[in-house]
Amino acid sequence: MENKKSDCEAINIELVNKIRPNMPDMNLLYELSDFFKVMGDSTRIQLLWALEESEMCVGDLAVLLNMTKSAVSHQLKVLRAAKLVRANKVGKNVYYALSDHHVKTVFEKALEHICE
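What you see is a predicted model; the values in this text were computed from it and never measured.

A.B. asks: What should I look at first to understand the environment of R44 in this one?
C.D. replies: Among the structural elements, R44 can be located in helix α3 (residues 42–53). You can call R44 buried: its relative accessible area is 13%. Considering only alpha carbons, one finds R44 and G59, 15 residues apart in sequence, at a separation of 16 Å. Setting aside chain neighbours within four positions, we find R44 in contact with K37, V38, Q75, V78 and L79.

A.B. asks: Would you take a moment to explain the packing of α3 against helix α6 (residues 101–115) for this structure?
C.D. replies: Packing of α3 against α6 brings their axes to within 11 Å, and their N-to-C directions diverge by 115°. Relative to α6, α3 is oriented so that their crossing is left-handed. Note on element contacts: α6 touches α3 through V103, K104, F107, E108 and L111, opposite I45, L48, W49 and E52.

A.B. asks: Please clarify how the pairing of strand β2 (residues 85–90) should be interpreted in this entry.
C.D. replies: Successive residues of a regular strand alternate their side chains across the two faces of the sheet. Relative to strand β3 (residues 93–98), β2 runs antiparallel, the two being bridged by 6 bridges. Across the sheet, residue A87 finds its bridge partner in β3, namely Y96. Where β2 folds back onto β3 in an antiparallel hairpin, the turn is made up of 2 residues, including G91, whose phi is positive at roughly 65°.

A.B. asks: Looking at this structure, I do not really get the sheet that holds strand β1 (residues 56–57). What am I missing?
C.D. replies: Think of a sheet as strands paired side by side through backbone hydrogen bonds, with each pair either parallel or antiparallel. In space, the 3 strands of this open sheet follow the order β1-β3-β2, with antiparallel pairing throughout. In the strand order of this sheet, the two ends are held by β1 and β2, each with one partner. As paired elements, β1 and β3 share 2 bridges and run antiparallel to each other. Within β3, the residue paired with M56 across the bridge is Y96. Across the face of the sheet, α3 comes into contact with β1, β2 and β3 while running at roughly 95° to β3.

A.B. asks: Help me understand the side chain of Q75, please; the structure alone is not making it clear to me.
C.D. replies: For Q75, the position within the fold is in helix α5 (residues 69–81). Judged by its relative accessible area of 13%, Q75 is buried. Side chain to side chain, Q75 and R44 meet in a polar contact 2.8 Å long. In this structure Q75 touches D41, T43, R44 and L47, once residues within four positions along its chain are discounted.

Quick notes on the rules
Residues numbered from 1 in each chain as written. Predicted model: local features only at pLDDT ≥ 70, side-chain atom pairs only at ≥ 80, totals over all residues. Heavy atoms only, no water. Helix = DSSP H or I, 4+ residues; strand = E, 2+ residues; numbered from the N terminus. Buried < 20%, exposed > 50% of the residue type's maximum accessible area, 1.4 Å probe, protein only. Contact = heavy atoms within 4.5 Å. Axes fitted to C-alpha atoms, helices over the stretch in contact; angles between N-to-C directions. Left-handed = near helix turned anticlockwise from the far one by under 90°. Pairing = 2+ DSSP bridges. Polar contact = N/O pair within 3.5 Å; in protein donor to acceptor, adjacent residues only side chain to side chain.

Okay, here's the thing in structure tokens:
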């Protein structure tokens, strides 16, 4: 990774030096950025909203969101890769749910923020 240098001098170097040690590692910040990229899609938000209510299979999600099963499956794959949803196979069907309570909390806090 390239280490970029600022093209200016700090006005308050004491403040900069106080905050610098508390800054997260850049790799962690890249992961956080990727998380928000995944969350930045309205279709995936709809899927998360539905899965916040109940565990559901691809077919039911497709009907609920008026989408094709293929499109829903693709978006669920992205959400699974980001560890936002989990899959549970029951017989021939696969049911999806939010991965854990953290996903619901992040979702609720974001919704609370935009509703203020």
